[in-house]
Amino acid sequence: MKINPRRKRSDSAAAAVAAVQAVALGPLNPPEHVALRPGDRPFWDAIVTARARDTWTGPDLVTAANMARSQADIERLQSEVDAEGYVVDGKVSAKAKLVETLSRRVVVLASALHVHALATQGRARDAGKVLELERKARAEQDDDDLIPHLRAVA
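Residues numbered from 1 in each chain as written. Predicted model: local features only at pLDDT ≥ 70, side-chain atom pairs only at ≥ 80, totals over all residues. Heavy atoms only, no water.

Draft legend 1. How the structure looks around the side chain of Ser93. Here Ser93 shows up in the loop between β2 (91-92) and α4 (94-113). When residues no more than four places from it in sequence are discounted, the contact partners of Ser93 are Val81, Gly85, Tyr86, Val87 and Val88. (Helix = DSSP H or I, 4+ residues; strand = E, 2+ residues; numbered from the N terminus. Contact = heavy atoms within 4.5 Å.)

Draft legend 2. Examining the pattern of salt bridges more closely. The tally for this structure, following the rule as stated, stands at eight salt bridges. Taking the shortest distance from any N to any O, the salt bridge between Arg76 and Asp73 comes out at 3.8 Å. A residue pair is termed a helical-turn pair when its members lie 3 or 4 positions apart in one helix, as Arg76 and Asp73 do in helix α3 (residues 58-84) at three residues. For Arg76, a relative accessible area of 43% puts it in the partly exposed group. When salt bridges that share partners are traced, they join Arg37, Asp40, Asp73, Arg76, Glu80, Glu84 and Lys95 into one network. (Salt bridge = Lys/Arg side-chain N within 4 Å of Asp/Glu carboxyl O. Buried < 20%, exposed > 50% of the residue type's maximum accessible area, 1.4 Å probe, protein only.)

Draft legend 3. The arrangement of the packing of helix α2 (residues 41-48) against α3 in detail. The contact between α2 and α3 brings their axes to 8 Å, and the two run at 135°. In terms of orientation, α2 lies oblique with respect to α3. Crossing of α2 over α3 shows right-handed handedness. Across the interface between the two elements, Phe43, Trp44, Ile47 and Val48 from α2 touch Leu61, Ala64, Ala65, Met67, Ala68, Gln71, Ala72 and Glu75 from α3. Of the residues assigned to the contact of α2 with α3, the class counts are 10 nonpolar, one polar and one charged. (Axes fitted to C-alpha atoms, helices over the stretch in contact; angles between N-to-C directions. Parallel < 35°, antiparallel > 145°, perpendicular 65-115°, else oblique. Left-handed = near helix turned anticlockwise from the far one by under 90°. Nonpolar A, V, L, I, M, F, W, Y, C, P; charged D, E, K, R; others polar.)

Draft legend 4. Region of the structure containing the packing of aromatic side chains. One pass over the structure, following the stated rule, counts zero aromatic pairs. The aromatic ring of Trp56 is capped on one face by Arg51, whose charged end is 4.0 Å from the ring centroid. (Phe/Tyr/Trp six-rings, centres within 6.5 Å; stacked < 30°, edge-to-face > 60°. Lys NZ or Arg CZ within 6 Å of the ring centre and 35° of its normal.)

Draft legend 5. Seen up close, the side chain of Arg51. Along the chain, Arg51 falls in the loop between α2 and α3. There is a polar contact of 2.9 Å between the side chain of Arg51 and the side chain of Asp60. The residues contacting Arg51, other than those within four sequence positions of it, are Trp56, Thr57, Asp60, Leu113, His114, Val115, Leu131 and Glu134. (Polar contact = N/O pair within 3.5 Å; in protein donor to acceptor, adjacent residues only side chain to side chain.)

Draft legend 6. Summary view of the nonpolar core. Ranked by size, the top nonpolar core spans 21 residues in total, and within it Trp56 and Met67 carry the most contacts. For this core, the elements supplying multiple residues, two or more each, are α2, α3 and α4. Contacts of Met67, omitting those with residues within four sequence positions, involve Ile47, Val106, Leu109, Ala110, Leu113 and Val115. (Core = buried A, V, L, I, M, F, W, Y, C linked by side-chain atoms within 4.5 Å.)

Encoded structure:
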C-alpha cells in the first residue's frame, strides 16, 4: 500500500516562510527542454503563479508551457480577427475558428493543471490558503521599497 506524505499545514509559520521564499524566487522557469517564445512568457508567469510553487511537477510544467503558447496564440489571432473581421467572404474566418479551438484547449489544460477558478479559489481550500500566503507576501514585498525583503540570488 502506497502512503502519501502528509501535506504541511497552510496556516503554520513554516508555510508562511515557504510562501515568502517562493515569492522571492519569482515565477518558475520552464524546463530546459521546453521552448517558450517571448510572447508566451507573460502567460507562463500567470499560469505558474496560480498555484503554490512547490506543487508543480515536471509534466505539469510542460503542460503549462502548452497552455501559455496557446494563450499567446489566442491573443495574436484575436487581434488579427479584430482587424480582418469575424466573417470573411461570407464565412466564419479560419482564424476565428482557430481562436475557438485554442480557447477550448486552454480550458482543458487549465482543468488538467488545476489552475482554473474552482481549483484556486474554491473547494481546494488548503491549496488556496498556501496561494493566499504567497499573494500576501508578494503584496508586502511590493508595498515599500525601503524595507529590505528576501530576493532571489542568481
